[in-house]
Amino acid sequence: MTLLVQKFGGTSVGDFERIKLVAEKITQSKKTGQQIVVVVSAMSGETDNLVAMAHKVAAMPDPREYDVLLATGEQVTIALLSMMLIDMGCPARSYTGAQVRITTDNAHNKARILKIDQEKIKADLQAGIVVVVAGFQGTDEHGNITTLGRGGSDTTAVALAAALQADECQIYTDVEGVYTADPRIVSNARRMERVTFEEMLELASLGAKVLQIRAVELAGRYNVPLRVLSTFKNGPGTLISYEDRKMEHQIISGVAYNKDEARILLRGVPDAPGFAAKILGPISEANIEVDMIVQNIALNGFTDFTFTVHQRDFKRTMSIISPLADQLDIREVLVDDKIAKLSLVGVGMRSHAGIASKMFQVLGAEGVNIQLIATSEIKVSVILDEKYIELGVRALHEAFGLDQEPLQED
Ligand code: ADP
Ligand code: ASP
Ligand code: MG
């Protein structure tokens with residue numbers, strides 16, 4: 001008997017009619033003899049509402065209490081979906097993360113799953129019951145409620161699929177798979193049949209929020225077959241897997257963007273050993289992730305040092321950097337939170353020269369100024385003014401012919 005983990009995102013359970021549609025989909029899969037574990041998100045917009053509530057009552061909401069609040073969204077949908085399934089004659093049972101015993105570390109608001117107790121789930125599946133699990137949540141070893149970071153229901157689904165050795169982890173969402181660019185921005189973006197874990201990891205980390213990055217990491221580590229597909233339209237979706245002979249022959253697989261970054265430029269940093277660590281050490285101690293880092297060759301004993309952080313961490317970063325800049329005799333701190341990151345991703349870059357220069361030419365021809373550049377083996381990212389981001393995504397998609405079907409290897 002096949003075992004499937006099916007995850008339904010916020011828009012897929014956005015109102016009662018949609019939850020009904022999801023319930024019908026599940027009963028259909030069940031009728032074909034499959035065992036099913038379902039993971040659901042909160043109804044669309046609900047987690048955002050909870051976040052807004054927290055910020056109304058506190059300037060810096062306590063992380064533990066923030067998780068207690070945010071985890072409530074998913075509890076509503078597991079109950080509603082299970083009620084509907086039972087009403088339709090399909091045995092179902094809902095579980096919060098705590099009830100399943102999804103144990104995480106204690107990093108509130110971005111916890112990592114450490115282990116999952118399979119006992120209750122397996123017993124229910126044996127008894128022909130559909131198990132409905134709340135995504136995005138767990139508890140730490142002391143029983144405190146934790147959440148897994150925005151978009152974390154994807155990670156719950158993959159972790160369950162890995163623990164239960166499911167045949168496939170299916171991520172149902174509001175688009176028909178993983179596209180060459182966000183289909184909401186590029187109207188002729190193309191759905192990809194298959195993407196490698198490596199490319200998906202880059203796409204997710206560079207802003208393609210169709211999958212949470214940790215979900216892709218976990219799926220790669222445990223070799224969980226992962227498929228993204230639409231709740232509303234039947235189709236094969238996109239399979240994320242290790243590279244094989246049948247992989248598409250595309251040098252570039254996609255364009256990604258991220259508007260949520262802020263840039264901090266430190267001008268006139270003394271050119272002496274240890275300064276980079278003195279600047280970034282306190283930031284990493286505050287658990288703030290730094291994305292791009294650029295330092296120039298020093299001139300006359302001084303250098304410039306630039307880095308980017310997530311916008312939500314910007315204020316906190318500045319509360320560390322401002323006093324530090326005085327202490328370290330840094331001449332000037334210039335900030336910009338209206339920037340965006342635009343990236344090209346593709347495993348084919350390894351063997352093809354000239355991708356970055358073509359990218360810069362295309363952007364230059366559109367009058368887009370590049371502020372920072374970062375490259376890795378399979379990606380090129382640039383920082384630009386936020387107002388050019390949609391223009392940049394469309395221009396690159398067009399110039400690299402990403403709407404064209406790639407060649408297939410036999
Ligand atoms: P869910 O609520 O189902 O988890 P998300 O909103 O988290 O859905 O993710 C789906 C969204 O991801 C799509 O609506 C789409 O706008 C966006 N997206 C961004 N980049 C891509 C891409 N390359 N392929 C598909 N979707 C993408
Ligand atoms: N409800 C959570 C969020 O909005 C988790 C998820 O949807 O995956 O981020
Ligand atoms: Mg999501």
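All of these numbers come straight from a predicted model, not from anything done at the bench. Every chain's residues receive numbers from 1 upward, in the order its sequence appears when written. To label them, take the chains in the order written and letter them from A, then take the ligands in the order written and number them from 1. Whole-chain, interface and lining totals are the exception, using all residues; otherwise, since this is a predicted model, local features are given only for residues with pLDDT of at least 70 and side-chain atom pairs are given and counted only at 80 or more. Each side-chain value is worked out from all heavy atoms of the structure, with water and hydrogens disregarded.

Helix and strand definitions here come from DSSP, where helices need a minimum of 4 consecutive H or I residues and strands a minimum of 2 consecutive E residues; each element is numbered from the N-terminal end. On a plain count of helices and strands, the protein chain comes out with 13 helices and 20 strands. Only C-alpha atoms enter the radius of gyration, while the globule expectation follows 2.2 Å times N to the 0.38, with N the number of residues. Taken against the 2.2 N^0.38 rule, which gives 22 Å for 410 residues, the C-alpha radius of gyration of the protein chain at 23 Å falls within 12% of a compact globule. For the protein chain, the C-alpha atoms occupy an extent of roughly 75 × 55 × 35 Å along the three principal directions. Whether two residues are in contact is decided by their heavy atoms, any of which lying within 4.5 Å being enough. Long-range contacts, defined as pairs at least 24 residues apart, comprise 75% of the intrachain contacts of the protein chain with a sequence gap of at least 6. Accessible surface is estimated by sampling points in the Shrake-Rupley manner with a 1.4 Å probe; for residues, cover comes only from the protein chains shown. With an accessible surface of roughly 19,400 Å², the protein chain has 50% of that area assigned to carbon and sulfur atoms.

This next bit is on the sheet that holds strand S2 (residues 35–40). Sheet strands pair by backbone hydrogen bonding; their relative direction is either parallel or antiparallel. Strand order in the open sheet formed by eight strands is S3-S6-S2-S1-S9-S11-S12-S10, and the pairing between neighbours is mixed. Two strands in the sheet have a free side with no partner beyond their single neighbour: strand S3 (92–95) and strand S10 (194–196). On average, adjacent strands in this sheet sit at an angle of 20° to one another, irrespective of strand direction. Two elements, strand S9 (residues 168–173) and strand S11 (residues 226–230), share five bridges in a ladder whose sense is parallel. What makes two strands pair is DSSP finding at least two bridges between them. To obtain an axis, a line is fitted to C-alpha atoms, over the contacting stretch when the element is a helix, and the angle between two such axes runs from 0 to 180 degrees between their N-to-C directions.

Residues Val 37, Cys 169, Met 200 and Ile 240 are the most contacted members of the largest nonpolar core, which totals 40 residues. In terms of residue count, the dominant contributor to this core is helix H7 (residues 153–164) (six residues). Look past the residues within four positions of Cys 169 in its chain and what remains in contact with it is Val 5, Ala 157, Val 158, Ala 161, Val 224, Pro 225, Leu 226 and Arg 227. In this structure, Met 349, Val 362, Val 380 and Ile 389 belong to the second largest nonpolar core, which totals 27 residues. The criterion is simple. A nonpolar core is a set of buried Ala, Val, Leu, Ile, Met, Phe, Trp, Tyr and Cys residues joined through side-chain atoms within 4.5 Å. Exposure classes here rest on a 1.4 Å probe applied to the protein chains alone. A residue is buried below 20% of its type maximum, exposed above 50%, and partly exposed in between.

Turning our attention to the environment of Thr 308. Relative to the helices and strands, Thr 308 resides in strand S16 (residues 302–310). As a C-alpha pair, Thr 308 and Leu 372 span 64 residues in sequence and 10.0 Å in three-dimensional space. What Thr 308 contacts, discounting residues up to four positions off in sequence, is Glu 261, Ala 262, Arg 263, Glu 289, Val 290, Asp 291, Met 292, Ile 339, Leu 372 and Ile 383. For the purposes of these results, a polar contact is taken to be a pair of N or O atoms within 3.5 Å, where, inside protein, one atom must be able to donate a hydrogen and its partner to accept one; residues adjacent in sequence count only when each atom of the pair is a side-chain atom. There is a polar contact of 2.9 Å between the side chain of Thr 308 and the side chain of Glu 261.

All right, on to the pattern of salt bridges then. Salt bridge, as used here, is a side-chain nitrogen of Lys or Arg placed within 4 Å of a carboxyl oxygen of Asp or Glu. For the coordinates displayed, the defined rule picks out 23 salt bridges. Across the salt bridge formed by Arg 150 and Asp 48, the nearest N and O atoms sit 3.0 Å from each other. Remark: Asp 48 occurs in helix H2 (residues 46–57) and Arg 150 occurs in the loop between strand S8 (145–147) and H7; sequence separation between them is 102 residues. With a relative accessible area of 47%, Arg 150 lands in the partly exposed category. Between Arg 227 and Glu 168 there is a salt bridge; the shortest N-O distance is 3.0 Å. Of this pair, Arg 227 sits in strand S11 while Glu 168 sits in strand S9, placing them 59 residues apart in sequence. Accessibility expressed as a relative area gives 14% for Glu 168, which makes it buried. Three or more residues are tied together by salt bridges with common partners; here these are Glu 198, Arg 350 and Glu 377.

Attention now moves to the sheet that holds strand S17 (residues 332–345). Across the sheet, which stays open at both edges, the six strands sit in the order S15-S16-S14-S17-S19-S18 with antiparallel pairing between neighbours. Both edges of this open sheet fall to strand S15 (290–295) and strand S18 (372–376), since each of them pairs with a single strand only. Here the strands of the sheet are splayed against their neighbours by 30° on average, with no regard to which way each runs. In terms of strand pairing, strand S14 (residues 254–270) meets S17 through eleven bridges, oriented antiparallel.

Right, let's talk about the site of ligand 1 for a bit. Taken together, 16 residues form the shell around ligand 1, and within it Thr 173, Asp 174, Tyr 179, Asp 182 and Arg 184 come nearest. Between Lys 7 and ligand 1, the recorded distance is 3.0 Å, taken from a side-chain N or O atom to an oxygen atom. Within the side chain of Asp 174, one N or O atom sits 2.9 Å away from an oxygen atom of ligand 1. Here a residue counts as near a molecule or strand whenever at least one of its heavy atoms sits within 4 Å of it.

Here the focus is the packing of helix H12 (residues 355–365) against helix H13 (residues 389–399). Remark: H12 packs on H13, axes separated minimally by 10 Å, with the N-to-C direction vectors making an angle of 125°. Considered as vectors, H12 and H13 are oriented oblique to each other. Where H12 crosses over H13, the two elements pack in a sense that is right-handed. When H12 is examined against H13, the residues Lys 358, Met 359, Val 362 and Leu 363 are found in contact with a partner set consisting of Gly 392, Ala 395, Leu 396 and Ala 399. In terms of residue class, the contact of H12 with H13 is built from six nonpolar, one polar and one charged. Any angle from 65 to 115 degrees is called roughly perpendicular, while one under 35 is roughly parallel, one over 145 is roughly antiparallel, and all others are oblique. Crossing handedness: left-handed means the near helix sits turned counterclockwise from the far one by under a right angle, and right-handed means the same turn made clockwise. Note on residue classes: Ala, Val, Leu, Ile, Met, Phe, Trp, Tyr, Cys and Pro are nonpolar, Asp, Glu, Lys and Arg are charged, and everything else, Gly too, is polar.

The next thing to look at is the environment of Val 195. Here Val 195 is to be found in strand S10. For Val 195, a relative accessible area of 0% puts it in the buried group. Counting along the chain gives 140 residues from Val 195 to Val 335, while the straight-line C-alpha distance between them is 36 Å.

Bringing the side chain of Thr 180 into the picture now. Within the secondary structure, Thr 180 is located in the loop between S9 and S10. Using a relative accessible area of 0% as the deciding quantity, one classes Thr 180 as buried. Residues in contact with Thr 180, not counting those within four places in the same chain, are Ala 189, Arg 190, Met 192, Ser 253, Gly 254, Val 255, His 397 and Leu 402.

The way to describe two aromatic rings as a pair is by their centre distance and the angle between their planes. Side-chain rings of Phe, Tyr and Trp (the six-membered ring for Trp) are treated as a pair once their centres are within 6.5 Å; stacked means planes under 30 degrees apart, edge-to-face means over 60, and tilted covers the remaining angles. For the structure on display, the rule yields three aromatic pairs. The residue whose ring lies beneath Lys 278 is Phe 275, and the NZ or CZ to ring-centre distance is 4.9 Å. Lying over the aromatic face of Phe 400, Lys 358 brings its terminal NZ or CZ to 4.6 Å of the ring centre. Lysine NZ or arginine CZ positioned within 6 Å of the ring centre and within 35 degrees of the ring normal marks a charge as sitting over the ring.

Of the positions making up helix H8 (residues 197–205), those classed as buried are Phe 197, Glu 199, Met 200, Glu 202, Leu 203 and Ala 204. Gly 207 sits one or two residues past H8 and shows a positive phi near 125°.

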